[in-house]
Protein chains: 2
Amino acid sequence: MPDAADPAPMNTPSRRRFRREGEERRRQDLIEATLDSVAEHGLQGASLRAIALRAGVTAGLIRHYFPGKEELLQEAYAALMGRMTEQAKAALVMEDASPRQRLAAFVTANLNVPIIDTRVFSLWATFIGRASADPTLAHVHREGYLGFRNEVEAVVAEVLAAERRSPDASQLRHHAIAINAIIDGLWIEGCLAGEMFSPGELATIGIRTIEAELGLAPLAQLQEK
Amino acid sequence: MPDAADPAPMNTPSRRRFRREGEERRRQDLIEATLDSVAEHGLQGASLRAIALRAGVTAGLIRHYFPGKEELLQEAYAALMGRMTEQAKAALVMEDASPRQRLAAFVTANLNVPIIDTRVFSLWATFIGRASADPTLAHVHREGYLGFRNEVEAVVAEVLAAERRSPDASQLRHHAIAINAIIDGLWIEGCLAGEMFSPGELATIGIRTIEAELGLAPLAQLQEK
DNA sequence: ACGCTATTTATACACTTGCACAACAAGCTC
DNA sequence: GAGCTTGTTGTGCAAGTGTATAAATAGCGT
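Residues numbered from 1 in each chain as written. Chains lettered and ligands numbered in written order. Predicted model: local features only at pLDDT ≥ 70, side-chain atom pairs only at ≥ 80, totals over all residues. Heavy atoms only, no water.

Considerations on the overall build of chain A
Stage number 1. Across its full length, chain A holds 10 helices and 0 strands.
Stage number 2. Start at the N end of chain A and walk to the C end: the helices and strands fall as α-α-α-α-α-α-α-α-α-α.
Stage number 3. Across its three principal axes, chain A shows a C-alpha extent of roughly 85 × 40 × 30 Å.
Stage number 4. The buried share among the 225 residues of chain A stands at 45%. (Helix = DSSP H or I, 4+ residues; strand = E, 2+ residues; numbered from the N terminus. Buried < 20%, exposed > 50% of the residue type's maximum accessible area, 1.4 Å probe, protein only.)

Printed below as a string of structure tokens:
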């Protein structure tokens, strides 16, 4: 049986065809391929060859864009964190909404797809497990965490102000820490055991718990039409 | 310069000295060495040779106690989870304590050393990052999580019963989910940024938030003498 | 004191890994 | 279209990986 896949068997240097992509495009593709590899097989499975295969290039090219594997992983983590916090904050920009509605929307957004997602959780856990040993990863995390918490603190301040309450800085900080913990904890439960919860259940629990934490009368039913 | 480190250079088969340990002892040592390796350098750094070096044996021995690396890692994770839930539950066995005191003690125990610990967190995150891809790890986690949540639910039921309140199963479940999330979330914050909180602060926040969630009057100050 | 056996070491092997470097060609500039 | 830059490929290498297996010895039963 002749080999139909190679019609010209003689003198085949047959180097692989390729296209030159813009630098930014290539870097993003490589970072995305890195995140996919890490999510599927962990840091162990994220070899340069596996990443390159996924990105549709050969392994050597990676060294042309990144000094080494470590830097690629760090940039990938930074990109992941950036996307996560960006999505979370996007839920806060609502015109013509009361602070309380914005807080509820924020919680709901954080406790549903696409933020509740096993792939993202897998990535988050894998990277953060190395944060205590890798100062660069630790720094990236710290930035994202503080940004998130400050965002929470700002909304909480608005909500309480709308209720004619004026908490001091310490109380505000405690509220933000607690609310952050509630969202994080429910997010983890949802990512790890999503099928144990009915749709929207986690968001409902989150809103109720946060309202209790802030001492707000639970008027959740009134908002439903 | 003569080699002072080898006083008998001729005929030195010089096989390494060793002691035979009991099976259980060796297995535990290997598991501990595995956890240490994973905590320090992640799953990538946990090579059989690194683990064996830490355990004071040679790499080949591992295959005498475990079918392969994967099984060793699974048993290590199971051992870790077992230890964590055991420590957590230990805080619940208190004689002559009101349900509410037991709940507070449970929260306090979970939000202080040794449960708040960067090494344990690093291990937890590393393993759980692989749980969505490895059914065995996922099962180990699920067991531990449900055990923990049921424990929480039981204490909550006692606390509410002592308050002459009789929640239905759904309310109880929601309380348990929320409280579990609060503890998990604060645990993560403490592990990742312990120096941002004063001693006992997380436990205080946790207790206050949980009491608000359960609708209990905050009599925390009264318990302080 | 002497085997016996199971624990332990040591070595070998096939394979993967990250990185270095030379060869090549895609596509812009003139 | 010729020439040049540089993005991209392919190959090579030393180090490290998990696993297999043979050789050695520690420590028990007798």
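Observations regarding the protein's contact with DNA strand C
Stage number 1. Close to DNA strand C lie 24 residues; R63(A), K69(A), R15(B), R20(B) and Y65(B) are nearest.
Stage number 2. With respect to DNA strand C, the backbone of R19(B) contributes an N or O atom lying 3.2 Å from a phosphate oxygen.
Stage number 3. Here a phosphate oxygen of DNA strand C and a backbone polar atom of E21(B) are 2.8 Å apart.
Stage number 4. Contributions of two or more residues to the surface near DNA strand C are made by α2 (48-55) of chain A together with α3 (62-65) of chain B.
Stage number 5. For the surface near DNA strand C, a count of residues per class yields 7 nonpolar, 5 polar and 12 charged. (Near = heavy atom within 4 Å. Polar contact = N/O pair within 3.5 Å; in protein donor to acceptor, adjacent residues only side chain to side chain. Nonpolar A, V, L, I, M, F, W, Y, C, P; charged D, E, K, R; others polar.)

With respect to the UniProt feature "DNA-binding region" (unreviewed entry) in chain A
Stage number 1. Per the UniProt record, the feature "DNA-binding region" (unreviewed entry) sits at residues 47-66 of chain A.
Stage number 2. Taken end to end, residues 47-66 of chain A has its terminal C-alpha atoms 14 Å apart, with 60% of it in helix and 0% in strand. (UniProt positions renumbered as here; feature names shortened; annotations may be inferred.)

With respect to the protein's contact with DNA strand D
Stage number 1. Taken together, 24 residues form the shell around DNA strand D, and within it R15(A), R20(A), Y65(A), R20(B) and R63(B) come nearest.
Stage number 2. L48(B) places a polar main-chain atom, nitrogen or oxygen, 2.8 Å from a phosphate oxygen of DNA strand D.
Stage number 3. Elements with a minimum of two residues in the surface near DNA strand D: α3 (62-65) of chain A together with α2 (48-55) of chain B.
Stage number 4. In terms of residue class, the surface near DNA strand D is made up of 6 nonpolar, 5 polar and 13 charged.

As for the UniProt feature "domain: HTH tetR-type" (unreviewed entry) in chain A
Stage number 1. Mapped onto the present numbering, the UniProt feature "domain: HTH tetR-type" (unreviewed entry) falls at residues 24-84 of chain A.
Stage number 2. Helix makes up 82% of residues 24-84 of chain A and strand 0%, and the two end C-alpha atoms of the span are 20 Å apart.

Observations regarding the relation of the copies chain A and chain B
Stage number 1. Mapping chain A onto chain B leaves a residual RMSD of 0.1 Å; the transformation is a rotation of 180° accompanied by 0.0 Å of translation along its axis. Here the copies are linked by what is in effect a two-fold axis. (Least-squares fit on C-alpha atoms with pLDDT ≥ 70 in both.)

Some details on the domain arrangement of chain A
Residues and elements named next belong to chain A.
Stage number 1. Per the domain assignment, the segments making up chain A are domain 1 (17-66) and domain 2 (74-223).
Stage number 2. The C-alpha centroid of domain 2 is placed 31 Å from the C-alpha centroid of domain 1.
Stage number 3. Each partner contributes to the interface: domain 1 provides 10 residues, whereas domain 2 provides 11 residues.
Stage number 4. For the pairing of domain 1 and domain 2, the buried interface totals around 920 Å² over both sides, and the portion due to carbon and sulfur atoms is 66%.
Stage number 5. The interface formed by domain 1 and domain 2 holds 4 salt bridges in total.
Stage number 6. Inspection of the domain 1/domain 2 interface yields 3 residue pairs in polar contact (both at pLDDT 80 or more). (Domains from an automatic or database assignment. Contact = heavy atoms within 4.5 Å. Buried area = accessible area lost by both parts, 1.4 Å probe. Salt bridge = Lys/Arg side-chain N within 4 Å of Asp/Glu carboxyl O.)

Overview of the packing of helix α8 (residues 169-192) of chain A against helix α9 (residues 201-214) of chain A
Residue and element names in this part refer to chain A.
Stage number 1. Interhelical geometry of α8 versus α9 gives an angle of 165° and a closest axis separation of 10 Å. Relative to α9, α8 is oriented roughly antiparallel. In this structure, α8 crosses over α9, and the sense of that crossing is right-handed. Facing H174, H175, A178, I179, I182, I183, L186 and G190 of α8, the residues of α9 in contact are L202, I205, G206, T209, I210, E213 and L214.
Stage number 2. Of the residues belonging to the contact of α8 with α9, the class tally is 9 nonpolar, 5 polar and 1 charged. (Axes fitted to C-alpha atoms, helices over the stretch in contact; angles between N-to-C directions. Parallel < 35°, antiparallel > 145°, perpendicular 65-115°, else oblique. Left-handed = near helix turned anticlockwise from the far one by under 90°.)

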